[in-house]
Number of protein chains: 2
Amino acid sequence: MGKVLVFGHKNPDTDTITSAISYAYLKQQLGMDAEAVRLGIVSNETAYALEHFGFEAPRLIEKAAPEAAQVILVDHNEKQQSVDDLSDVQVIEVIDHHRIANFETNDPLYYRAEPVGCTATILNKLYKENGVEIPKNIAGLMLSAIVSDSLLFKSPTFTEEDRRAAEELAAIADVDAREYGLAMLKAGADLSDKSLEDLIALDAKEFVMGNAKVEIAQVNAIDVNDVMNRQAELEALLNDVIAQKGLDLFLFAVTDILNNDSVVLVLGKEAERASSAFNVALDNNTAKLTGVVSRKKQIVPVLTEALK
Amino acid sequence: MGKVLVFGHKNPDTDTITSAISYAYLKQQLGMDAEAVRLGIVSNETAYALEHFGFEAPRLIEKAAPEAAQVILVDHNEKQQSVDDLSDVQVIEVIDHHRIANFETNDPLYYRAEPVGCTATILNKLYKENGVEIPKNIAGLMLSAIVSDSLLFKSPTFTEEDRRAAEELAAIADVDAREYGLAMLKAGADLSDKSLEDLIALDAKEFVMGNAKVEIAQVNAIDVNDVMNRQAELEALLNDVIAQKGLDLFLFAVTDILNNDSVVLVLGKEAERASSAFNVALDNNTAKLTGVVSRKKQIVPVLTEALK
């Protein structure tokens with residue numbers, strides 16, 4: 001068996017980057033020649049976590065097939081979110097916590113998905129099931145993933161299992177989860193060095209819903225007006241992306257990490273169907289979604305149902 | 001949470017029926033109102049196992065949505081192999097050991113697939129992970145599933161994990177695995193009460209490979225000539241199915257359970273591509289595939305690659 005690449009989705013977030021590192025380490029302990037890699041730029045939030053626990057970012061790859069015949073996907077499964085040449089390699093494992101769609105294999109594989117808030121929570125189980133001890137600095141990365149995906153334990157995706165995993169990991173990492181977590185989120189919500197182009201691409205995911213091609217991008221902010229004050233420029237950029245990719249809908253969500261609401265900017269020919277799905281009227285293409293912080297649990301299922 | 005139906009694939013085999021029973025029992029112990037049901041007639045082999053360990057066959061259903069909002073799939077995931085109204089219910093869990101294809105959800109779920117020979121081997125782990133003891137008669141059913149899927153431990157799909165599970169389950173069930181297993185396989189290979197219509201439908205599965213619609217049926221026999229002596233009648237029936245369902249390929253495999261080879265009858269417009277994929281020439285639409293006993297590991301991947 002040659003080298004196996006382990007990676008998360010494009011536009012990587014903290015769970016995707018840290019899960020690639022944490023699972024590659026576990027597989028190495030079990031004798032596999034596994035290497036964590038990434039498919040895009042590292043966010044400020046992730047960079048904070050990596051530096052805090054003494055890691056370099058994994059190596060960036062454009063394609064997988066030139067260097068490996070087999071890959072492991074973490075934190076995603078939909079092919080449009082994965083490496084471009086996914087169909088040229090064999091997926092031997094998937095560890096994920098999202099819906100399953102646009103995913104297909106020729107052969108049986110190990111697929112472990114659980115409806116929890118974070119891939120790291122599943123990895124915490126897999127370390128136990130395989131009897132491998134989690135190193136202190138990897139526990140710190142895994143805790144960072146849970147903090148990130150749950151917006152410091154407040155998202156509706158955050159389950160009892162995530163809570164237990166976060167407690168265990170904070171103890172191993174020997175950090176105060178709330179103090180460290182808030183510092184990490186603030187580092188991620190510091191948008192001062194980001195262009196608008198960066199913001200709409202940083203955490204963007206594509207979906208196919210019914211016959212509609214949909215992109216949903218999300219950015220965390222301390223003050224949503226830092227972003228929304230530049231709505232005209234934003235719209236021009238989003239409309240370019242819509243034209244370029246032939247999208248039917250682009251939903252751009254700016255999430256207020258202190259108050260746990262999101263303001264969304266909704267463009268494309270399915271904008272009306274999208275906003276009615278949330279029972280809100282668009283005012284100048286925008287709406288406030290009260291209490292909505294989770295793309296996976298509060299946005300994707302609603303749109304999927306509306307567009308099917 | 002209302003009742004949850006637990007079922008395997010259409011044209012159920014022993015793993016599918018016994019896994020529905022075994023997993024529904026586990027979920028009941030964990031507090032879920034789970035009921036095992038089935039999507040088709042029970043084979044002679046499965047009937048032998050059920051009777052031996054004191055079970056009735058699960059209830060037959062045509063549709064799921066009229067009686068449950070949520071379902072659990074065992075031993076399959078491809079929608080054309082599942083209940084007809086699958087899109088009207090929510091799949092909350094899948095426990096499987098096949099490739100993943102034509103499967104999609106709106107929401108995150110628990111999905112546990114492992115590249116082992118039998119669903120029962122995964123269920124054996126899940127009982128342990130959940131700290132639930134396997135009752136003696138359920139262990140007997142789970143052992144039956146491993147015997148069936150591995151043709152008494154001889155199929156290339158049979159892994160070290162399956163071997164360990166079979167040993168553990170035989171001990172709990174307190175049976176001699178080889179003696180019991182051979183008796184069960186022979187009960188299943190007794191085709192004397194079956195019409196040809198039964199034979200081609202008993203263990204038939206549909207697949208989409210590339211743009212081709214493919215059906216692969218498999219039947220176990222002590223003497224393949226019991227079936228192949230009636231080739232003309234068989235071809236007429238298979239051609240009817242091909243026309244009815246608009247298939248591009250029907251591969252009917254008769255597997256010699258004592259010598260571990262299969263004779264295949266291959267019809268449809270992709271028949272030539274199918275036979276060349278196996279490096280055999282069709283003689284009067286048939287060929288012998290030496291050492292081939294596993295649809296999943298030795299037939300499906302070869303055809304998927306050839307037709308993509």
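Residues numbered from 1 in each chain as written. Chains lettered and ligands numbered in written order. Predicted model: local features only at pLDDT ≥ 70, side-chain atom pairs only at ≥ 80, totals over all residues. Heavy atoms only, no water.

## Here's the deal with the relation of the copies chain B and chain A
Superposing chain B onto chain A requires a rotation of 180° together with a translation of 0.0 Å along the rotation axis, leaving an RMSD of 0.0 Å. Taken together, these values place the two copies in the relation of a two-fold axis. Relative to the rotation axis, the C-alpha of Arg112 of chain B is the closest in chain B, positioned 2.5 Å from it. (Least-squares fit on C-alpha atoms with pLDDT ≥ 70 in both.)

## Some points on helix H1 (residues 14–29) of chain A
Residue and element names in this part refer to chain A. Given a rise of 1.5 Å per residue, 16 residues ought to cover 22 Å, and the 23 Å separating the end C-alpha atoms of H1 matches this to within 8%. With 13 of its 16 residues buried, H1 lies for the most part within the structure. Capping of H1 at its N-terminal end is provided by Asp13; its side-chain oxygen lies 3.4 Å from the backbone amide nitrogen of Asp15. Note on H1: the residue one or two positions beyond its end, Gly31, has a positive phi of about 100°. (Helix = DSSP H or I, 4+ residues; strand = E, 2+ residues; numbered from the N terminus. Expected span 1.5 Å × (residues − 1). Buried < 20%, exposed > 50% of the residue type's maximum accessible area, 1.4 Å probe, protein only. Polar contact = N/O pair within 3.5 Å; in protein donor to acceptor, adjacent residues only side chain to side chain.)

## A few points about the interface of chain B and chain A
Contacts between the two partners involve 25 residues from chain B, matched on the other side by 24 residues from chain A. Of the roughly 2,200 Å² buried between chain B and chain A on both sides combined, carbon and sulfur atoms contribute 53%. It is Ile100, Asn106 and Pro108 of chain B in chain B that bury the most area against chain A; as a group they hold 27% of the surface buried on that side. Across the contact surface, chain B and chain A share zero salt bridges. (Contact = heavy atoms within 4.5 Å. Buried area = accessible area lost by both parts, 1.4 Å probe. Salt bridge = Lys/Arg side-chain N within 4 Å of Asp/Glu carboxyl O.)

## Here we look at the environment of Gln231 of chain B
Residue and element names in this part refer to chain B. Looking at where Gln231 falls in the secondary structure, it is placed in helix H9 (residues 231–245). Spatially, the C-alpha atom of Gln231 lies 9.7 Å from that of Asn284, the residues being 53 residues apart in sequence. Each residue touching Gln231, except ones within four places of it in the same chain, is listed here: Leu265, Asn284, Asn285 and Thr286.

## A short note on the sheet that holds strand E8 (residues 212–221) of chain B
Sheet strands associate in pairs through backbone hydrogen bonding, adopting either a parallel or an antiparallel arrangement. All names here are of chain B. If you walk across this open sheet you meet the five strands as E7-E8-E9-E10-E11, and the pairing is mixed. Here the strands that pair on one side only, and so sit at the sheet edges, are strand E7 (204–209) and strand E11 (286–289). In this sheet, neighbouring strand axes are inclined to one another by 25° on average, regardless of whether the strands run parallel or antiparallel. Bridge analysis of E7 against E8 gives six bridges, and the strand direction is antiparallel. Across the sheet, residue Val208 finds its bridge partner in E8, namely Lys213. (Pairing = 2+ DSSP bridges. Axes fitted to C-alpha atoms, helices over the stretch in contact; angles between N-to-C directions.)

## Focus: the UniProt feature "binding site: Mn(2+) 2" (unreviewed entry) in chain A
Residues and elements named next belong to chain A. As annotated in UniProt, the feature "binding site: Mn(2+) 2" (unreviewed entry) corresponds to Asp15, Asp75, His97 and Asp149 in the numbering used here. Look at the named residues: they lie 135 residues apart in sequence, but the longest C-alpha span between them is just 11.1 Å, so in the fold they bunch up. Mapped onto the elements of the fold, Asp15 is located in helix H1. Given the relative accessible area of 0%, Asp15 is considered buried. Ignoring sequence-local partners within four residues, the contact set of Asp15 consists of Asp75, His97, Cys118, Thr119, Ala120, Ala145 and Asp149. Here Asp75 falls in the buried class, since its relative accessible area comes to 1%. Other than its neighbours up to four places away in sequence, Asp75 contacts His9, Asp13, Asp15, Thr16, Ile95, Asp96, His97, His98 and Thr119. (UniProt positions renumbered as here; feature names shortened; annotations may be inferred.)

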